[in-house]
Amino acid sequence: MNIHSHIEERFDMNDLMEQKFDDITYVVEDAAAIVTINRPERYNAFRSQTVDELITAFNLAWSDQRVRAVILTGSGEKAFCTGGDVKQRAETGDYGPSELGRFRIGDLHKLMRDIPKPVIAAVNGIAIGGGHVLHVISDVSIASETARFGQAGPRVGSFDAGFGSAYLSRVVGEKKAREIWFWCRQYTAAEALDMGLVNKVVPADQLLAEAKSWVAEVAALSPTAIRFLKQSFNADTDHQAGFSNMAMTALDIFGVSPEGMEGATAFAAKRPADFAPHVNWH
Ligand SMILES: CC(C)(COP(=O)(O)OP(=O)(O)OC[C@H]1O[C@@H](n2cnc3c(N)ncnc32)[C@H](O)[C@@H]1OP(=O)(O)O)[C@@H](O)C(=O)NCCC(=O)NCCSC(=O)CCC(=O)c1ccccc1C(=O)O
């Protein structure tokens, strides 16, 4: 018995896929696991439960011998993912209840890097904040012509001082990464292509077909070579996981501070945040 049949015997993937998801959908089609964030009424912002479900989905995709690459996308045409659910944060100061009592966004980032199969972000609309980070840490990004990109943390009292900033600067360079974070501007798909933030831009109605064709193409290649290569690319930036841990701890404290809460409360109230009382440089 080889290792693969052993795994299949112990874990019937069809049973595992019976999992019920509320915030995402998960389907396996040919060699592709398609993970769709499904909270269109919140522009696919994630809460703790969404992150729990994404972690389950990526673990399923990792174990499923049929799956050769994962496509991560968002439901609807408006948004890929708009990051943390700011309305939830304004309401409760956190991202809501979770399976293990923790908001495991850092675990999700690490899992997306560690899964030994390419992760393809199919960016179908706006990717902002923590949603932008999800596409940045994906192995490749394919964008619809209507997609928009940016970070929003400093506008809503948040930041990602882990992969979201350090790895972004590896992708687009220090100057551009600092511009993206410090000015919280939004960029078109064409601009994203120009700065090397995405691999390809296609018309919106061709996005999923394009992503699936990338899966079919990579599925014909050596899975072990791809696995080694992904781990080799990661090895060069894996130390950033340490910064990420510190960033999560910092954000736990900052998120509920008066300055952090002003950003979230202002967003929920649809008014500009007033950060002036929080200027405090020693
Ligand atoms: C995305 C917008 C620019 C879209 O603007 P617009 O087209 O004008 O539409 P709106 O009317 O604003 O939005 C439509 C509708 O969706 C709701 N919505 C949008 N985004 C969110 C959200 N993030 N949370 C909750 N709800 C959202 C919006 O309120 C509207 O609802 P109505 O009921 O119709 O009013 C614009 O919407 C926008 O700027 N959105 C906020 C983007 C944002 O600030 N995102 C959060 C950034 S901070 C973050 O993601 C933290 C990430 C994180 O959790 C983290 C923590 C620790 C370490 C690392 C991370 C990490 O990196 O992930």
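What this report covers is the structure whose coordinates are included nearby.

Definitions and limits used
- Residues numbered from 1 in each chain as written.
- Predicted model: local features only at pLDDT ≥ 70, side-chain atom pairs only at ≥ 80, totals over all residues.
- Pairing = 2+ DSSP bridges.
- Helix = DSSP H or I, 4+ residues; strand = E, 2+ residues; numbered from the N terminus.
- Axes fitted to C-alpha atoms, helices over the stretch in contact; angles between N-to-C directions.
- Contact = placed C-beta atoms within 7 Å.
- Buried ≥ 20, exposed ≤ 12 C-beta atoms within 10 Å, placed from the backbone.
- Near = placed C-beta within 6 Å.
- Nonpolar A, V, L, I, M, F, W, Y, C, P; charged D, E, K, R; others polar.

## Concerning the sheet that holds strand β7 (residues 140–144)
And step 1. If you trace the six strands from one edge of the open sheet to the other, you get β1-β2-β3-β5-β7-β10, paired in mixed fashion. Two strands bound the open sheet, and with one partner strand each, they are β1 (24–29) and β10 (200–202). Within the sheet, the average angular offset between the axes of one strand and its neighbour, ignoring direction, is 20°.
And step 2. For β1 and strand β2 (residues 32–37), the ladder comprises six bridges, and the chain directions are antiparallel. Bridge pairing in β2 links I24 to I37.
And step 3. Sheet strands touched by helix α3 (residues 48–63): β1, β2 and β3 (69–74). Its angle to β1, the strand with the most contacts, is close to 10°.

## Focus on helix α5 (residues 105–114)
And step 1. Across the 10 residues that make up α5, a large majority, seven, are buried.
And step 2. For α5, the complete set of buried residues consists of I105, G106, L108, H109, K110, M112 and R113.
And step 3. Where α5 is buried, its residues touch α3, β5 (119–123), α6 (130–137), α8 (163–172), α12 (223–235) and α13 (240–255).

## With respect to the site of the ligand
And step 1. Near the ligand, the surroundings consist of 24 residues, among which G83, G84, G129, G130 and D160 are the closest.
And step 2. For the shell around the ligand, the secondary structure elements donating two or more residues are α4 (86–92), β6 (126–128), α6, α7 (153–156) and α13.
And step 3. When residues in the shell around the ligand are grouped by element, the largest group, three residues, is from α13.
And step 4. Within the shell around the ligand, the residues separate by chemical class into 12 nonpolar, eight polar and four charged.

## Digging into the pairing of β2
And step 1. Of all six residues that make up β2, six are buried, and the element is covered over most of its length.
And step 2. What you see with β2 is no split at all: A32, I34 and T36 on one side and A33, V35 and I37 on the other are buried throughout.
And step 3. In sequence, β1 turns back onto β2 through a hairpin of two residues, with D30 there showing a positive phi of about 50°.
And step 4. Bridge count for β2 against β3 is six bridges, and the pairing is parallel. Bridge pairing in β3 links V35 to L72.

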